[in-house]
Each structure stands twice: as structure tokens, then as C-alpha cells.
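Remarks on the overall topology
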Amino acid sequence: QVQLVESGGGLVQAGGSLRLSCAASGSLASGTRFAINAMAWYRQAPGKQRELVAAITSGGSTNYADSVKGRFTISRDNAKNTVYLQMNSLTPEDTAVYYCAAGRMYPSPWTFDRWGQGTQVTVSS
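None of the values given here were measured: they were computed from a predicted structure.

1. Here's the deal with the overall build of the protein
Counting secondary structure elements, the protein contains zero helices and eleven strands. The globule rule puts the C-alpha radius of gyration for 125 residues at 14 Å, and the 14 Å found for the protein is close to it. Overall, the C-alpha framework of the protein stretches about 45 × 30 × 25 Å when taken along its three principal axes. Considering only contacts within the protein whose residues lie at least 6 apart along the sequence, 55% involve residues at least 24 apart. The positive charge centre, built from 11 side chains, and the negative charge centre, built from 7, are 6 Å apart in the protein.

This is the structure:
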């Protein structure tokens, strides 16, 4: 079973930057069509539903929420099974618990069902 551990959350001022990291371990089924070959960052603010922020495949294809395009960058180091989220130009609206997620593109693309514990990001004004 895949285990995900996030780090890098904290308190920053509006306009600042933060970099989140997520290390994956466990059974990844590498080299098969069932492999964990996609990872993502979600976030959830109090009283709101969890929403997708950014996602990336092992091949480098990415998807971003409209609200973070041009500000956030997702990347991964496949050799280290680690995914990153570089967050720039942060605003108070970015305040949330950020969760790392792992999934696959087969049989359905962008399917995430493994979750980390979450890390708090707070942006002050």
C-alpha cells in the first residue's frame, strides 16, 4: 500500500512563496498498467470541499486549477518518488490544508485514491 508524507507547509505573507514536498513509498506497481503513475495536490479550506490544485503524470503531463495557473508549478522526481508544488504569489485565498494524492491514469485518467495526512498552508494579509 502506498504511503504519502507531505512537508513544507507553514505561515507566509501575501505575495510570498512556499514549496511543498510529498514522498511516496510502498507498493507502486512500477512498470505495469496498474502502477501509481500520477500524483496530485489537493486543498481543503474550512467548510469547503476538497479541490484539485495540480496533477502530474510520470511522463510529465500536468493539469492545474484555473485559480493557480501561472502561480503554482507541480513537478516530480520519479527516481525519488517525490512530487513538489512550488507556490508563488500566494494570496489569503490559498489558505487551506494541502493534501498529496497518488493515483493512476488507467483505467480512468486522473484517478486518485491514496492520500497523505495534509499540511497546513496559511497566507496572511
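2. Side note on the state of the cysteines
A full pass over the atoms with the stated rule returns one disulfide. There is a disulfide in this structure between Cys22 and Cys100, and the S-S distance comes to 2.0 Å. Every disulfide takes its handedness from the sign of the S-S torsion; for Cys22 and Cys100 that torsion is -80°, giving left-handed. Placement of the pair is Cys22 in strand β3 (residues 18-25) and Cys100 in strand β9 (residues 96-104), with a sequence separation of 78 residues. For Cys100, a relative accessible area of 0% puts it in the buried group.

3. Some words on the pairing of β3
Relative to β3, strand β1 (residues 3-7) runs antiparallel, the two sharing five bridges. Within the sheet, the bridge partner assigned to Leu4 lies in β3 and is Ala24. Across six bridges, the pairing between β3 and strand β8 (residues 82-87) is antiparallel. Across the sheet, the residue bridging to Ala23 is Thr82, located in β8.

4. Structural notes on unusual backbone geometry
Along the chain, Tyr106 connects to Pro107 via a cis peptide bond; the corresponding omega equals 0°. Relative to the elements of secondary structure, Pro107 occurs in the loop between β9 and β10 (111-115). Unusually for a residue other than glycine, Asn81 sits at a positive phi of about 50°. The residue Asn81 is located in the loop between β7 (72-77) and β8 in this model. Overall, Asn81 belongs to the partly exposed group, its relative accessible area being 27%. Its identity as a non-glycine residue notwithstanding, Ser89 has a phi of 50°, on the positive side.

Rules behind the numbers
- Residues numbered from 1 in each chain as written.
- Predicted model: local features only at pLDDT ≥ 70, side-chain atom pairs only at ≥ 80, totals over all residues.
- Heavy atoms only, no water.
- Helix = DSSP H or I, 4+ residues; strand = E, 2+ residues; numbered from the N terminus.
- Rg over C-alpha atoms; globule rule 2.2 N^0.38 Å.
- Contact = heavy atoms within 4.5 Å.
- Lys, Arg positive; Asp, Glu negative; His and termini not counted.
- Charge placed at Lys NZ, Arg CZ, Asp CG, Glu CD.
- Disulfide = S-S within 2.5 Å.
- Buried < 20%, exposed > 50% of the residue type's maximum accessible area, 1.4 Å probe, protein only.
- Pairing = 2+ DSSP bridges.

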